[in-house]
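Chain and residue survey
Residues per chain are reported as follows:
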Amino acid sequence: MIVGGGIVGCMTAMELVNKGHRVTIVERNQIASQTSGESSWAGGGIIFPLLPWAYSESVNALTAQSADFYQALSERLLTETGIDAHFEQSGFLLLPEFNATAAQAWCATNHVPAHKVQASSFNVQSLSGEDALWLPTVCQIRPPYLMQAMRKWLEQHHVTMLEHTQLMPLQETQQLQEWQTTTGEKLQADQFIVTSGAWSFELLKETSAKLNIKPMRGQILLYKPINNLEQIVYREGFYMIPRRDGYLLAGSTLEDVGFDTGVTETVRDELKRKAEAIMPTLIDSPIIKHWSGLRPGTPENLPTISAHPTIKNLFLNTGHFRYGLTMAPASARLIAALVLNEPPHIATKPYNCVQ
Ligand SMILES: Cc1cc2nc3c(=O)[nH]c(=O)nc-3n(C[C@H](O)[C@H](O)[C@H](O)COP(=O)(O)OP(=O)(O)OC[C@H]3O[C@@H](n4cnc5c(N)ncnc54)[C@H](O)[C@@H]3O)c2cc1C
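Calculation criteria
Residues numbered from 1 in each chain as written. Predicted model: local features only at pLDDT ≥ 70, side-chain atom pairs only at ≥ 80, totals over all residues. Helix = DSSP H or I, 4+ residues; strand = E, 2+ residues; numbered from the N terminus. Near = placed C-beta within 6 Å. Nonpolar A, V, L, I, M, F, W, Y, C, P; charged D, E, K, R; others polar. Buried ≥ 20, exposed ≤ 12 C-beta atoms within 10 Å, placed from the backbone. Pairing = 2+ DSSP bridges. Axes fitted to C-alpha atoms, helices over the stretch in contact; angles between N-to-C directions. Contact = placed C-beta atoms within 7 Å. Parallel < 35°, antiparallel > 145°, perpendicular 65-115°, else oblique. Left-handed = near helix turned anticlockwise from the far one by under 90°.

Counting secondary structure elements, the protein chain contains eight helices and 18 strands. Each principal axis of the C-alpha distribution contributes one length, and for the protein chain these read about 65 × 40 × 40 Å.

What follows deals with the site of the ligand. Taken together, the neighbourhood of the ligand is formed by 42 residues, with Gly4, Gly6, Gly197, Gly218 and Gly324 sitting nearest. Residue assignment for the shell around the ligand shows that the elements contributing at least two residues are α1 (7–18), α2 (39–42), β12 (214–223), β16 (287–297) and α8 (324–339). Partitioned by chemical class, the residues of the shell around the ligand number 15 nonpolar, 22 polar and five charged.

Residues Leu248 and Ala250 line one face of strand β15 (residues 248–251) and the alternating positions Leu249 and Gly251 line the opposite face, and both faces are buried. By the bridge criterion, four bridges tie β12 to β15 in an arrangement that is antiparallel. Within β15, the residue paired with Tyr223 across the bridge is Leu248. Note that strand β14 (residues 238–242) and β15 share four bridges and pair antiparallel. Following the sheet pairing, Tyr239 is matched in β15 by Gly251. Hairpin connection between β14 and β15: a loop of five residues separates the two successive antiparallel strands, and Gly246 in this loop has a positive phi of roughly 95°.

Attention now moves to the sheet that holds β15. Judged by pairing direction, the sheet is mixed, and its eight strands sit side by side in the order β5-β6-β4-β13-β14-β15-β12-β16 without closing on themselves. Strands with a single pairing partner mark the edges of an open sheet, and in this sheet they are β5 (115–118) and β16. Averaged over all pairs of adjacent strands, the angle between their axes in this sheet comes to 25°, without regard to strand direction. On the sheet, helix α7 (residues 265–278) packs against β12, β13 (232–235), β14, β15 and β16 and is oriented at approximately 50° with respect to β12.

With that out of the way, let us pick up the packing of α1 against α8. The contact between α1 and α8 brings their axes to 8 Å, and the two run at 40°. Relative to α8, α1 is oriented oblique. Of the two possible hands of crossing, α1 and α8 adopt the one that is right-handed. Judged by residue contacts, Ile7, Val8, Met11, Thr12, Met14, Glu15 and Leu16 of α1 engage Gly324, Leu325, Ala328, Pro329, Ser331, Ala332, Arg333, Ile335 and Ala336 from α8. Here the residues of the contact of α1 with α8 are counted per class, giving eleven nonpolar, three polar and two charged.

With that settled, consider the sheet that holds strand β18 (residues 314–318). A sheet is described by the order of its strands in space; here six strands give the open sequence β8-β2-β1-β11-β18-β17, paired in mixed fashion. Each of the sheet's edge strands pairs with one partner strand only, and the pair in question is β8 (160–162) and β17 (304–307). Taken together, the three bridges between strand β2 (residues 24–26) and β8 define a ladder with parallel strand orientation. Directly across from Thr24, in β8, lies its bridge partner Thr160.

Below, the structure written as structure tokens:
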């Protein structure tokens, strides 16, 4: 039984189904919908950890393995469900200020193609001859379409989806026989996996798991400009992502505001200003949509992928913070190995953050 139907829960279910297991996902809202607070629908969909040289090897191990997997996954989803998740190799243009030495060294070591370029050679209107870095192999996927495709695939593979079903916070026990819903129903399973994102701490705080996960809000804007960018552009914590059908995302923020899923005028103005600084013609484009999502925030962006320290048949796959979409495939592979007692494909220790 998987608790939480975001990208991490859905990908975990897919991995277990592929290994021949029967899976139920319990989700308090609806899987693949934009219900309040879910991170997976709201994300930008860049399959790359923005500035990987700023993260540990343990974070980058998960993002790199997953990135290799996404093209095949999106092709499989298209063939088997008919839903196109809009996987694209759009490339990533990194504008100054950034640590050019660290960036180039990391790219060289990790075999990620990176070219020093003049930003003015791209169709980013406001840029003069700034020294930029062009990473042509960085990809993106469209999170709402990915989630729809995943949902359909799981349905086709007979995964039980208990939607609009919320589980109660868990009490300490040695072995979990059943987990109670907020309406008093008792759900049974052999093994349980918590993939409930920003809400994971709330669910497990009465148990001995020492989870350090809190919601971190991100707001993002949607435009449909007349002349769109052709590549993802990043400048000092702000990015713009062009979509295949002419839309453009501009985001995002990192806000420590608890479970508040609202959007604010202040942030709207700030994101608009940053977007127009890179692309002045956006002044004439209306903002079509403005939304937020709650990321499962963790120190150093390190997720917890491990067994619960005391409850024997309970596992955790949560806390992927800014890169849950990117990390989900490798993370699902690792948790499945732990649940099934198979040899893991990577070292497990760095992700055991609950002891
Ligand atoms: C603005 C923004 C931009 C982002 N951009 C990117 C990006 O470009 N690339 C990238 O890799 N990542 C990005 N992310 C991060 C990424 O979206 C998250 O890391 C990822 O979605 C986390 O997935 P999850 O499945 O753990 O959590 P969620 O998607 O939040 O899913 C958790 C689910 O658990 C359910 N749940 C919670 N409590 C219970 C309960 N008690 N009972 C039943 N169900 C419960 C919730 O309803 C929810 O559906 C972005 C996030 C935001 C907000």
